[in-house]
Protein chains: 2
Amino acid sequence: MEPTKILLAEDDPNLGMLLSQYIRAKGFKCTLATDGEEAYSAFTAGSYDFVILDVMMPKKDGFSVAKDIRGIDRETPILFLTAKSMKDDKLKGFELGADDYLTKPFSMEELLARVEAILKRTNKKEETHLYSINNYLFDFNTRILSFQGKEQKLTTKESELLKVLSKNIGKEVDRNDLLKAVWGDDNYFNGRSMDVYITKLRKYLSLDEKVEIVNIHGKGFKLTLK
Amino acid sequence: MEPTKILLAEDDPNLGMLLSQYIRAKGFKCTLATDGEEAYSAFTAGSYDFVILDVMMPKKDGFSVAKDIRGIDRETPILFLTAKSMKDDKLKGFELGADDYLTKPFSMEELLARVEAILKRTNKKEETHLYSINNYLFDFNTRILSFQGKEQKLTTKESELLKVLSKNIGKEVDRNDLLKAVWGDDNYFNGRSMDVYITKLRKYLSLDEKVEIVNIHGKGFKLTLK
DNA sequence: AAAGGATTTTAACTTTCTTTAACACGAGTA
DNA sequence: TACTCGTGTTAAAGAAAGTTAAAATCCTTT
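Reading the values: the criteria
- Residues numbered from 1 in each chain as written.
- Chains lettered and ligands numbered in written order.
- Predicted model: local features only at pLDDT ≥ 70, side-chain atom pairs only at ≥ 80, totals over all residues.
- Heavy atoms only, no water.
- Phe/Tyr/Trp six-rings, centres within 6.5 Å; stacked < 30°, edge-to-face > 60°.
- Lys NZ or Arg CZ within 6 Å of the ring centre and 35° of its normal.
- Near = heavy atom within 4 Å.
- Polar contact = N/O pair within 3.5 Å; in protein donor to acceptor, adjacent residues only side chain to side chain.
- Helix = DSSP H or I, 4+ residues; strand = E, 2+ residues; numbered from the N terminus.
- Expected span 1.5 Å × (residues − 1).
- Buried < 20%, exposed > 50% of the residue type's maximum accessible area, 1.4 Å probe, protein only.
- Contact = heavy atoms within 4.5 Å.
- Core = buried A, V, L, I, M, F, W, Y, C linked by side-chain atoms within 4.5 Å.
- Domains from an automatic or database assignment.
- Nonpolar A, V, L, I, M, F, W, Y, C, P; charged D, E, K, R; others polar.
- Pairing = 2+ DSSP bridges.
- Axes fitted to C-alpha atoms, helices over the stretch in contact; angles between N-to-C directions.
- Parallel < 35°, antiparallel > 145°, perpendicular 65-115°, else oblique.
- Salt bridge = Lys/Arg side-chain N within 4 Å of Asp/Glu carboxyl O.

1. Considering the packing of aromatic side chains
Residues and elements named next belong to chain A. A full pass over the atoms with the stated rule returns twelve aromatic pairs over all chains. With a centroid separation of 6.4 Å and an interplanar angle of 85 degrees, the aromatic rings of Phe138 and Phe140 are classed as edge-to-face. Joined through ring pairs, the aromatic side chains of Tyr131, Phe138 and Phe140 make up one cluster. If you follow Lys163 out to its NZ or CZ, it ends over the ring of Phe140, 4.1 Å from the centre.

2. Quick notes on the protein's contact with DNA strand C
Neighbouring residues of DNA strand C: 21 residues in total, closest Thr155 and Trp183 of chain A together with Thr155, Lys157 and Trp183 of chain B. The contact atoms of DNA strand C, taken as those within 4 Å of the protein, divide so that sugar and phosphate hold 69%. Contact between DNA strand C and Lys157 of chain A: a phosphate oxygen at 3.2 Å from a main-chain N or O atom of the residue. Tyr197 of chain A places a polar side-chain atom, nitrogen or oxygen, 3.1 Å from a sugar or linking oxygen of DNA strand C. Sorting the residues of the surface near DNA strand C by element identifies α6 (156-167) and α8 (188-204) of chain A together with α5 (156-167) and α7 (188-204) of chain B as the ones contributing at least two each.

3. Structural notes on α7 of chain B
Residues and elements named next belong to chain B. When the terminal C-alpha atoms of α7 are compared, their 25 Å separation across 17 residues agrees well with the 24 Å that a helix rising 1.5 Å per residue should span. If you check which residues of α7 are buried, you get Asn190, Gly191, Met194, Asp195, Tyr197, Ile198 and Leu201. Those residues of α7 hidden inside the fold are in contact with α5, α6 (175-182), β11 (211-216) and β12 (220-225). Its side-chain oxygen 3.1 Å from the backbone nitrogen of Phe189, Asn187 forms the N-cap of α7.

4. Details of the nonpolar core
Ranked by internal contacts, the top residues of the largest apolar core, which has 39 residues, are Ile52 and Leu111 of chain B. No other element matches helix α4 (residues 108-123) of chain B, which puts six residues into this core.

5. Remarks on the domain arrangement of chain A
With domains assigned, chain A is organised as domain 1 (5-123) and domain 2 (130-225). Computed from C-alpha atoms alone, the centre-to-centre distance between domain 1 of chain A and domain 2 of chain A is 42 Å.

6. Let's talk about the protein's contact with DNA strand D
The environment of DNA strand D is made up of 22 residues, and the closest members are Arg192, Arg202 and Gly218 of chain A together with Arg192 and Arg202 of chain B. The share of sugar and phosphate among atoms of DNA strand D within 4 Å of the protein is 61%. Here a phosphate oxygen of DNA strand D and a side-chain polar atom of Arg202 of chain A are 2.7 Å apart. Sorting the residues of the surface near DNA strand D by element identifies α8 of chain A together with α7 of chain B as the ones contributing at least two each. Of the residues assigned to the surface near DNA strand D, the class counts are four nonpolar, eight polar and ten charged.

7. Here we look at the sheet that holds β12 of chain B
All names here are of chain B. Pairing is antiparallel across the open sheet formed by three strands, whose spatial order is β10-β12-β11. A single partner strand is all that each edge strand has here, and the edge strands are β10 (172-174) and β11. Each strand axis lies, on average, 25 degrees off the axis of its neighbour in the sheet, ignoring direction. The sheet contact formed by β10 and β12 spans three bridges and is antiparallel. Paired with Val173 across the two strands is Phe221, which belongs to β12. Sheet strands in contact with α5 are β10, β11 and β12, and its direction is about 65 degrees off that of β12. Packed onto the sheet, α7 meets β11 and β12 and runs at close to 155 degrees relative to β11.

8. Structural notes on the sheet that holds strand β3 (residues 50-54) of chain B
Residues and elements named next belong to chain B. Ordered in space as β2-β1-β3-β4-β5, the five strands form an open sheet in which the pairing is parallel. A strand with exactly one partner marks an edge of an open sheet, and here the two such strands are β2 (29-33) and β5 (100-103). Put simply, the sheet's adjacent strands are angled 20 degrees from each other on average, direction ignored. Each of β3 and β4 (78-82) is contacted by helix α3 (residues 62-72), which is oriented at about 170 degrees to β4, the strand it contacts most.

9. Examining the packing of α6 of chain B against α7 of chain B
Residues and elements named next belong to chain B. Interhelical geometry of α6 versus α7 gives an angle of 90 degrees and a closest axis separation of 10 Å. When the interaxial angle is binned, α6 and α7 end up roughly perpendicular. Facing α6, whose interface residues are Arg175, Leu178 and Leu179, α7 presents Asn190, Gly191, Arg192, Met194 and Asp195. In terms of residue class, the contact of α6 with α7 is built from three nonpolar, two polar and three charged.

10. A short note on the side chain of Asp54 of chain A
Tracing the chain through its elements places Asp54 of chain A in strand β3 (residues 50-54). With sequence-adjacent residues up to four places away left out, Asp54 of chain A is seen in contact with Ala9, Glu10, Asp11, Gly62, Leu81 and Lys104 of chain A.

11. Describing the pattern of salt bridges
Two side chains with opposite charge may pair up if their charged atoms get near one another. Residue and element names in this part refer to chain A. All told, the structure shown has ten salt bridges over all chains when counted by the stated rule. Between Lys60 and Asp68 there is a salt bridge, and its shortest N-O distance comes to 2.6 Å. Looking at Asp68, the relative accessible area reads 28%, which means it is partly exposed. Taking the shortest distance from any N to any O, the salt bridge between Arg192 and Asp195 comes out at 3.1 Å. Here the residue Arg192 and the residue Asp195 both occupy positions in helix α8, the gap between them amounting to three residues, near one helical turn. By relative accessible area, Asp195 is classed as buried at 18%.

12. Focus: the environment of Gly170 of chain A
On the secondary structure map, Gly170 of chain A appears in the loop between α6 and β10 (172-174). For Gly170 of chain A, a relative accessible area of 17% puts it in the buried group.

As structure tokens, then:
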């Protein structure tokens, strides 16, 4: 996969160089524009995956650059760099489709964290990761399944399987769909492996009488509440 | 439909204003509270569809606000905003009925995506598949047929067949329709298989004198109450 | 690179569910 | 009446899923 291309518009030459080099050091391609007009023409000329705009820039401020970019592109994520002094009324500018903002001063790691968070989210939409299964609570992030204070740490496969089932409480999940979602392949042997995991999940979920994984013979499984 | 009302509690004025305006820009109504006490009184005063709580707030932290809210309302979704430094053990606080949490820093888009995912998930409640057949009660979800406390667990085919018949109590169900509904195909062999299941269902339903599956020769079956 | 532990897969055996087969019977029809 | 067809019933065969333990793989640490 080719590297993500980032367009950075920042008029302060010191900060601009510093940030662009840092971004490059982290494995992205980065183009630096030093004013708003330059930023917009760079955007139209090349194809970028991400845009970082300083709000206050000569010739064309960050908001109007964003507005123009949104005129031709509704997708590419835009992140604003704002001064702390910014007034509320200016914040309304975000309504034109910004994805995030960062208040100066900020650390470079912080900037990168935001960029990566947004990229991650826009590439594949992030899902909620907390599932309530009657009296159980399942946190997909920490992979902890808890019931009245008792915690059970799940393995990767266990939690991926439980996630898909939890998303479909009361609804049948096709056996092959389940296999493709968790194993990526619905062959016979993965199926047997899944059956082993179903047994394990049932054991974990046995503390709550009302929670049950039922099998639909020849079809799939269903997580259901009495 | 009127817009979803969101209560946002965030003590950082910059972030608070920004988020609330972003939320409004996305078509929600949003009230901003700047500390925990204000958040709780706002919640009791108005009727909100969603609550977003910063965990660390002056006067009353997010957890205790959530606890108090849950004291009077078990339904309304709650989402926590947590600091990155927060340890897993602190996450235990979530068992008091949070629907999700988001770790700072996050993008605004991410916040919105979570809110929408939770709303989608909580709005559709599991439909009950409960059928009453005179003194029998049949739960299609759990596949349990009960009669005066006695429970009989049904198999997939048994329960699918009984479901169709239960939906049509007193009405004749055409043999071929029944086959297509349960087996997907009304060939001769499936028909014989169905006859075997009819026998089984009759056995299960024999505890109640008034319940009967009658055959209409050459046509189909009918579940009737005497 | 090897050890040790955790995780996942494979394997073997068991149980449950579904279909098939065989035979019985009674309703509708020639 | 007798004959056929549709259904009733039971048992056995076959297929899917449940369970447990061992083997293989993957990860982390040294």
